[in-house]
Protein chains: 2
Amino acid sequence: MIKSYMNYDFLKNEIKGKLVEIDKIIENYINENNSTHKKYLKKTSLKNGKKARPILLFLLSDLFDIKHNELNKIASSLELLHISSLVHDDIIDKTNYRRGKKTFSSVFGNDVSLLWGDFLFLTALKLLNTIKIPELTNAMLDSSLKMVKGQILELENKGNLKINKDTYYSIIENKTASLFNFIGEVLIILNKDLVSKKNEILEFTNNIGLLFQIIDDVLDIYSDRTGKDKFNDFKENKITLPYIFLLKKIKKEEYFKIKDEEELLSLFNKYKIKDEVYIEIENIYQQALSFLNPFKGRREYKALIKYIDFIRRRKS
Amino acid sequence: MIKSYMNYDFLKNEIKGKLVEIDKIIENYINENNSTHKKYLKKTSLKNGKKARPILLFLLSDLFDIKHNELNKIASSLELLHISSLVHDDIIDKTNYRRGKKTFSSVFGNDVSLLWGDFLFLTALKLLNTIKIPELTNAMLDSSLKMVKGQILELENKGNLKINKDTYYSIIENKTASLFNFIGEVLIILNKDLVSKKNEILEFTNNIGLLFQIIDDVLDIYSDRTGKDKFNDFKENKITLPYIFLLKKIKKEEYFKIKDEEELLSLFNKYKIKDEVYIEIENIYQQALSFLNPFKGRREYKALIKYIDFIRRRKS
């Protein structure tokens, strides 16, 4: 029945069902009769995402016994917000392929993509705002603002070979972890008893976001995935964590002389950069685990551990 | 004292003061310490706009005796939303000059402009959402969605020489009148007694928006203004109302052969296109007047008539 999420064996069927539900909520909410918009919707990867954010929202809501009627709507608007951000991302990063499909911008060009990204983005906010809890809408606006600030910071640092780890973490905390932190904010808004645990919860969601992005940056170099462009960061002059480590081993001149992806990969291998990155990943992973420790024995504990493993070990 | 709005002699000093206040509210609300954002803010035309939308909100609020504490905040967020839409517009239209200054995109390029437009846009929504009236936030999201739909429709019709008046009106109703209609929605949200007059109020704000955009399209051809590019619509293949009328007089082949702006202008003059456009303008103007008729004798009536004249007779 719930075919596409069958491999998420760590999720109970109830959550798998909710993930399927999300696609329907988004589709029904956009529900466009306009033929142009229909054409655009068809070329937007609305479905088949990993749903990393909705899953985390459901798992943590269960962990903290939050039974809000509108959780599914919140998860849907978060997923749609994420999708819309990809439309703008792909313009800036000049990405051609994502999830095995041509990106929206590579099909329709940048002008339409800019507007279509705006359209989806507004729709996500509108869907959330139907819940009529101004704090929720505000939290999503705050997270989105952080996301944009992170993207601006990233853009400013394109080609900056002197970028340090702090700036890298500042970029990914803003551009990626912000939407995971929205989940933490949602929990606190829906269950005021959690206010006292606010810092810990947000540190946890933040760590998941960091983990997610660092893995993404690793996959851009090492993965065998076929659904996405590879070495896009190199082409776009984005100095991510693996590159920061590599640039400590080789001279700038040597970096500029790299002639192809093969040579680049052999340098990464020669200096065992992956190992260094995985020390960072392990560190963040351990922090995330220590947040979950007090919940040992709970059913949700196991699922959350497996969720983090899924984030950490994913291949695409 | 209130130097920049001195020429608005139809406004009472109280409203002029509020217009000055708007610049401060926006500036304080954004209040960015980040040096990059400061640099971007400096190159964003936050001030010195005509403030056509805030003025209308204030005049209509007075007319309907709406004394809401947060009117100024609503007006500020609307003005900021308008400003942010110009940042994205200028990317799509490849505009180089606006309000006598180089546009943001011509200084910083399209990628930064895309993100900066998003940033301002989110800030506008966040400012409005601080009022914590979900209906207001929803109304702004709706208007913004309409705006984007209008821009998409416009993009789809670039270079479409067969475009008819209905499609043109549909474009400008969505892309421009939507933000004026937001004002109508605000009035009804803040004063429930106005619900029975909803259609008339929205027809009025819609007419003001149409008037505003048609004049804009006329100015792109006929004005002597120096603050903006001229003949941008022609360069960008936007078939606006004057072009729709011109294309009824000349053959497509003749249109494609137009070699420069001088020849284009002489054709507009030869076929007295301006007169035809002004018949449309007069028609909309009369509809707007008839809405105001029942309020004759009120102080605000006179101000609103002068406001419409200001929209209609503006030179830039």
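Above this note sits the structure.
Let me begin by describing the structure that accompanies this report. (Residues numbered from 1 in each chain as written. Chains lettered and ligands numbered in written order. Predicted model: local features only at pLDDT ≥ 70, side-chain atom pairs only at ≥ 80, totals over all residues. Heavy atoms only, no water.)

Here we look at the interface of chain A and chain B
Part 1: Contacts between the two partners involve 37 residues from chain A and, on the opposite side, 37 residues from chain B.
Part 2: Counting the surface lost from both chain A and chain B, the interface buries some 3,600 Å², and carbon and sulfur atoms represent 71% of this.
Part 3: It is L115, L122 and K126 of chain A in chain A that bury the most area against chain B; as a group they hold 18% of the surface buried on that side.
Part 4: Summed over the shared surface of chain A and chain B, the number is six salt bridges.
Part 5: Linking K132 of chain A and E135 of chain B is a salt bridge whose minimum nitrogen-to-oxygen distance equals 3.3 Å.
Part 6: Linking chain A with chain B are ten residue pairs in polar contact (both at pLDDT 80 or more), by the criterion used here.
Part 7: Secondary-structure elements contributing two or more residues to the side of chain A that touches chain B are α2 (35–42), α4 (71–93), α6 (110–129) and α7 (134–156) of chain A.
Part 8: Here the side of chain A that touches chain B takes 14 residues from α7 of chain A, the largest share from any one element. (Contact = heavy atoms within 4.5 Å. Buried area = accessible area lost by both parts, 1.4 Å probe. Salt bridge = Lys/Arg side-chain N within 4 Å of Asp/Glu carboxyl O. Polar contact = N/O pair within 3.5 Å; in protein donor to acceptor, adjacent residues only side chain to side chain. Helix = DSSP H or I, 4+ residues; strand = E, 2+ residues; numbered from the N terminus.)

Digging into the packing of aromatic side chains
Ring pairs (aromatic) are described by centroid distance and by the angle formed between their planes.
Part 1: Enumeration according to the criterion identifies 40 aromatic pairs over all chains in this entry.
Part 2: Centre to centre, the rings of F104 of chain A and W116 of chain A are 6.0 Å apart; their planes meet at 15°, and the pair counts as stacked. Here F104 of chain A, found in helix α5 (residues 104–108), pairs with W116 of chain A, found in helix α6; they are twelve residues apart in sequence, far enough to count as distant. The residues F104 of chain A and W116 of chain A share a single accessibility class, namely buried.
Part 3: Summarising the aromatic geometry, the rings of F204 of chain A and F291 of chain A are spaced 4.5 Å apart at their centres and angled 20° between planes, so their arrangement reads as stacked. Taken together, the residues F204 of chain A in helix α9 (residues 198–222) and F291 of chain A in helix α14 (residues 273–292) connect sequence positions 87 residues apart.
Part 4: On the basis of relative accessibility, which here comes to 2%, the residue F204 of chain A falls in the buried class.
Part 5: Among the aromatic residues, those joined into a ring-pair cluster are Y222, F234, Y243, Y255, F256 and F268 of chain A.
Part 6: Over the ring of Y222 of chain A we find K274 of chain A; its NZ or CZ atom is 4.8 Å from the centre of that ring.
Part 7: Across from the ring centre of F212 of chain B, 5.2 Å away, lies the NZ or CZ of R53 of chain B, which sits over that ring. (Phe/Tyr/Trp six-rings, centres within 6.5 Å; stacked < 30°, edge-to-face > 60°. Buried < 20%, exposed > 50% of the residue type's maximum accessible area, 1.4 Å probe, protein only. Lys NZ or Arg CZ within 6 Å of the ring centre and 35° of its normal.)

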